[in-house]
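Structural overview for review
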Amino acid sequence: MRITILCENTVGRRIGLGEHGFSAYIETDQGNYLFDTGRGHSIVKNSLELNKDLKTIKKIFLSHGHYDHTGGLPEVLKLVGKVDVHAHSHVFLDRIHVIKENGKETKRYVGLPYKQKYLESLGANFIFNKDFVEIEKGVFLTGEVPRKTSFEKPDSTLFSEIDGKTNQDIFSDDQSLILDTEKGLILILGCAHSGMINIINHVIHKTREEKFFAILGGTHLDFLTPEQLEESIKVLKKMNIEKIGVCHCTGMRAAFRLQQEFGDQFFYGHVGSTLEI
Ligand SMILES: [Fe+2]
Ligand SMILES: [Fe+2]
């Protein structure tokens with residue numbers, strides 16, 4: 001099994017293009033999968049440079065409806081054609097980021113930039129799930145993640161619109177991918193809007209497995225309070241995790257803190273970085 005980061009904010013080798021977004025290409029004995037698509041500028045270019053054929057993708061998984069995880073869908077669909085796209089139905093909610101700077105408020109649309117019908121016309125066959133589900137042997141999606149920790153709070157700058165009403169975004173659609181391997185679980189996060197620790201605890205509860213070979217993807221830790229970062233690190237250190245390869249919305253400060261704590265177990269998941277079993 002090999003997991004390659006296709007889209008990420010940074011480029012660590014001489015190949016590829018960085019963008020604010022995330023996507024991982026997963027090669028297994030059962031076939032190849034795509035987790036998220038980045039925002040759309042880099043996925044095709046990076047897949048060609050990294051020699052990852054998007055046409056072979058068997059299934060697409062979407063972590064949540066933010067544009068930086070879903071914006072590449074049309075580019076991918078134009079190459080793949082008919083393909084199952086697994087997501088929570090709230091992936092299509094309208095989403096807004098409110099930024100307050102120098103007493104001024106700016107609103108930006110950050111939801112999935114395309115309508116379901118358009119994506120279906122390009123070949124997407126949406127399969128919605130709410131609950132923890134085994135998609136194929138050893139490949140699971142978390143479904144909705146219960147919010148249990150006291151220190152993991154939602155990002156107060158993110159909003160969603162349901163039935164014309166704008167509320168703080170609770171990200172019911174936030175889900176992560178789990179690959180069950182002989183070395184332990186591999187957990188791939190999108191933005192971890194449910195809280196990284198809530199997600200890990202949910203995975204342990206559902207799989208009854210506590211050994212994580214790797215945790216990859218966005219953790220959103222740098223966008224939240226320093227207390228949340230420190231509390232999360234405290235809990236992570238008690239867990240059975242062999243490798244932490246976070247990136248994207250983890251942010252540099254939080255990534256540096258994780259590197260300090262986890263040493264050689266830590267790696268940064270830039271464009272082109274791979275994890276092999
Ligand atoms: Fe993100
Ligand atoms: Fe996000």
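Preceding block: the structure.
Source: prediction; values computed, not measured.

Comments concerning the coordination of the iron ion (ligand 2)
Taken together, the protein ligands of the iron ion (ligand 2) are His64 (NE2), His66 (ND1), Cys191 (SG) and His193 (NE2), with distances of 2.2 to 2.6 Å. Around the iron ion (ligand 2), the 4 donor atoms sit at angles spanning 93 to 164°, and that spread fits a shape best called irregular. For the iron ion (ligand 2), the single-chain donor residues occur in sequence as H-x1-H-x124-C-x1-H. The distance between the iron ion (ligand 2) and the iron ion (ligand 1) comes to 3.5 Å, and cysteine 191 binds to both of them. Of the two residues, cysteine 191 and histidine 193, neither departs from the other in class, the shared state being buried.

Focus on the side chain of asparagine 129
The topology assignment puts asparagine 129 in the loop between β8 (124-128) and β9 (133-136). Of the polar contacts made by the side chain of asparagine 129, one reaches the side chain of glutamine 175; its length is 2.9 Å. Beyond its immediate sequence surroundings of up to four residues, asparagine 129 is in contact with Ala87, His88, Leu141, Gly143 and Gln175.

What about the pairing of strand β7 (residues 104-109)?
Across 6 bridges, the pairing between strand β6 (residues 94-101) and β7 is antiparallel. Within β7, the position partnered with glutamate 101 by the bridge is lysine 104.

Quick look at unusual backbone geometry
Of note, the phi angle at alanine 192 is positive, near 55°, even though the residue is not glycine. Residue alanine 192 is classed as buried on the basis of its relative accessible area of 4%. Even without a glycine there, the phi angle at arginine 208 is positive, about 60°. Relative to the elements of secondary structure, arginine 208 occurs in the loop between α5 (196-207) and β15 (211-218).

Here is what the cut-offs are and how they apply
Starting from 1, residues in each chain are numbered consecutively following that chain's sequence as written. Chains carry letters and ligands carry numbers; both start at the beginning, A for chains and 1 for ligands, and go up in the order they are written. Whole-chain, interface and lining totals are the exception, using all residues; otherwise, since this is a predicted model, local features are given only for residues with pLDDT of at least 70 and side-chain atom pairs are given and counted only at 80 or more. Working from all heavy atoms in the structure, the side-chain values ignore hydrogens and water. A donor here means any N, O or S atom no more than 2.8 Å from the metal (3.2 Å for Na, K and Ca); water is not included, so a site may seem to lack partners. Key to geometry: four donors with every angle between 85 and 135 degrees are tetrahedral; four donors are square planar and six octahedral where opposite donors lie over 155 degrees apart and all remaining angles lie between 65 and 115; all other sites are irregular. Each residue is assigned to one of three classes by its accessible area relative to the maximum for its type, calculated with a 1.4 Å probe on protein chains only: buried under 20%, partly exposed between the two thresholds, exposed over 50%. Only runs of H or I of at least four residues qualify as helices and only runs of E of at least two qualify as strands under DSSP, and these elements are numbered from the N terminus. N or O atoms within 3.5 Å of each other form a polar contact, as long as, within protein, one can give a hydrogen and the other can take it, and as long as residues adjacent in sequence are counted only when both atoms are side-chain atoms. In what follows, residue pairs with any heavy atoms lying within 4.5 Å of each other are defined as contacts. Strands qualify as paired when DSSP identifies two bridges or more between them.

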